[in-house]
Every structure is written in C-alpha cells, then in structure tokens.
Amino acid sequence: MDSITIKRPDDWHLHIRDGKMMEAVLPYTANVFGRAIIMPNLTPPVITAKDAKEYYARIQTALPKDTKFKPLMTAYLTDSTDPDDIAKGYEENAFVAVKLYPAHATTNSAHGVSDIANVDAVVKRMSEIGMPLLIHGEVTRSEVDIYDREAVFIQETLMPLKEKYPDLKVVLEHITTSEAVDFVKSADDTVAATITPQHIIINRSDMFKGGIRPHLYCLPIAKREKHRLAVREAAVSGHKSFFLGTDSAPHPIGAKESSCGCAGIFNVPAAIETYLEVFEEEGKIENFEAFASLNGPAFYEMPVNEDSITLAKQNWEMENEIVIDDVTSLHPFKGGKTVHWKVQ
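Every value quoted in this text rests on a predicted model; they were computed, and no experiment measured them.

## Here we look at the pattern of salt bridges
Phase 1 of the analysis: Inspection of the entire model under this criterion finds 19 salt bridges.
Phase 2 of the analysis: Measuring nitrogen to oxygen at the nearest pair gives 2.7 Å for the salt bridge that ties E128 to K124. Linking E128 with K124, this pair stays in helix α4 (residues 120-129), spanning four residues, or about one helical turn.
Phase 3 of the analysis: With relative accessibility at 53%, the residue E128 sits in the exposed group.
Phase 4 of the analysis: We classify K124 as partly exposed; its relative accessible area is 40%.
Phase 5 of the analysis: For E277, the salt bridge is made with K334, and the minimal N-O distance between the two is 2.5 Å.

## Let's talk about the sheet that holds strand β10 (residues 308-317)
Hydrogen bonds along the backbone pair up the strands of a sheet, which may run parallel or antiparallel.
Phase 1 of the analysis: The three strands lie next to each other as β1-β10-β13, forming an open sheet whose pairing is antiparallel. At either end of the open sheet lies a strand with only one pairing partner, and these are β1 (3-7) and β13 (338-343). Between one strand axis and the next, the sheet turns through 35 degrees on average, direction left out of account.
Phase 2 of the analysis: Judged from the five bridges that link them, β10 and β13 form a sheet pairing that is antiparallel. Each residue of the ladder has a partner; that of A312, found in β13, is K342.
Phase 3 of the analysis: Running over the sheet, helix α9 (residues 271-281) touches β1, β10 and β13 and is turned about 110 degrees from β13.
Phase 4 of the analysis: Strands in contact with helix α10 (residues 288-300) are β1 and β10; relative to β1, the strand with the most contacts, it is inclined by about 30 degrees.

## A word on empty space enclosed by the protein
Phase 1 of the analysis: All told, the structure shown has three cavities of 30 Å³ or more when counted by the stated rule.
Phase 2 of the analysis: Of the voids in this model, the largest cavity is the one considered here, and its volume is about 120 Å³.
Phase 3 of the analysis: Residue classes in the lining of the largest cavity are distributed as six nonpolar, nine polar and three charged.

Calculation notes
Residues numbered from 1 in each chain as written. Predicted model: local features only at pLDDT ≥ 70, side-chain atom pairs only at ≥ 80, totals over all residues. Heavy atoms only, no water. Salt bridge = Lys/Arg side-chain N within 4 Å of Asp/Glu carboxyl O. Helix = DSSP H or I, 4+ residues; strand = E, 2+ residues; numbered from the N terminus. Buried < 20%, exposed > 50% of the residue type's maximum accessible area, 1.4 Å probe, protein only. Pairing = 2+ DSSP bridges. Axes fitted to C-alpha atoms, helices over the stretch in contact; angles between N-to-C directions. Contact = heavy atoms within 4.5 Å. 1 Å grid on protein atoms, 1.4 Å probe; cavity = no way out; pocket = protein on both sides within 12 Å on 5 of 7 lines; lining within 4 Å. Points joined across faces, edges and corners; volume = space filled by probe spheres on them. Nonpolar A, V, L, I, M, F, W, Y, C, P; charged D, E, K, R; others polar.

Below is the structure:
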C-alpha cells in the first residue's frame, strides 16, 4: 500500500500548555486533527466554566488562520468542584468532559482529587446528565510500586465507582497495562480508553537503553513488554472502545533533562504517522480509520469529521529539536529518526 485516505482524525487527549508554548505546538495538531480534547492541567488549572471559556479564547487566538480545528474543553476536577458549575458548563458547551487527576499523580496535578469520596456529588451529577469522566488511572500511595499504580487504581477505585454509577461514561486515559485492556473489553458501552503512540512502541526497558532516556519518560510510565503487547493488540484490534489519544505533552529540553525531569512526551509532530506504522507492522491497516477517526466520535456522540486526510508511504527524518524561542526547545518523539509515512 502506497497511500491511505481516512476521515480526518481527532485527538481525544492532548496537552497544548499556554502562551508561547501553545502558539508553537498547536499548529502541529490543527494541521492534522479535526478536534482535540484539551487537558486542563495548567498553572492555575482550568476548574470552572469561566476558566474554560477564557482558555478556549486564548486557543482561538493562537490557532493558524483559516483552520477548521475545534478545541474541546475539559474541567479539572478538585475536591471542592461545584457540581452546579460543571452541569451548567456542560449545558453551555463550555466543557465536554471532566478530567480526574489523583492528587500528585502527574504534571500539575497538585490540585487533583485526594479521595474519590470527596467528588461523589460531582460524579453523581455527571452520571445523571451523561457527561464523560476522563480518568488518569493511577493511585499515588507511596507503598504502591509505580509500575502497579494503574492496575491497583482499576481494582480499588474504578471498579467500585462503576458499580456505584453504572451509567457514568468513563474514559480511562493513556492505558498502559493488560489489566486496563481487560477492564475496557469486559465493560459495556459506557467505558472506553485512549491509547498513545509511545505506549504501543516502547516498554520500560527502552527508558534505560545505554543510559537514562528522559525523553521517553511519561506518566503513566511505560510498563513491561507483556503490557505493551496487550495495549498494542487492543489499539489495532478494531474494538470500538479503543481510540486515539496522543497525550502529547511538551516540556522544554532543559526541564526534561534536569536532575528531576518532567514526565511527558511531545509526540504530535509525527503522531498520526507513528500510529499508522504500528497498524502496518501488525497487518491491521483496515482497522486504522476506526481507531483514528470513528470510535472516538461514536463514544462522545459527535459527528465524524466530514473531510479526509491522506497519508503516503514516504520516508522522512523527524527533526531532533524544535525551537520555540531563544531559550526554549523541544525534543519530539522519534526525533532524529526516520518516519515511514507522511501526511500529504
């Protein structure tokens, strides 16, 4: 196959930051994707409908001219989030979903939920109005090994939550384990999962090949090979509950390579091409459009994008460094390596 044309894809999990960083990274998404779920973990976070509307306006200002890209805003769930504000924001289309970060689970999550019981009123209201809850599914207790945090969260928090609120729509974000795959496959249509390009390509050993590889460090952290294979199989399977979410998360090179490096992988410059490489390697190109363009809109009850994109078989080298300004640069996923497909 020399080329493939699919309905324009969407990114159902994306970090674009704010200010100059947002202005620099947003075009990579807008040039390929029709929509993207925008993560709310700014400093300060996007908590209220007012916050979301203001962030949306800044995004619109930063977008390239004549783009049709649409940002989909989310609310950052805290222990004191007002259920009425969430419901009103959803009704007014200020939010499409709420994001649950367990406190201190990842970047800018200090304001996150300290105990799921503290947000019961919000979750109950969301279940009643059909508003999706997007979950960073990890426990943060120090006694739980970092490689077990996702599996423990599913067992201790997510399963009881779904038993209490069976109608609650849930997206388990950036899944990394066979336990997550099994949970989603065994659930009904109210449960889905996003899958990143890095978690179907790297395992935990890749972070330490020849030394520490800080640009492969993200949260949830890459797991054992058996988990990578399970998530990879889920991505290419055609199963309707798995869809594209890059979790692209830009950090300056200096912040990634510091003595306490940031978690996050900036993958969007070649995200769609990277996914397609995996589908081709697995002999599942026929399932690529469903994963990239169809399953997400179906879960969110949104129309599929009307226009299409074409990717051609073409080798090109991902640049090793993307300059933001005089002091800030980014190292993209696959930086300095050959990519084998290219959006036309």
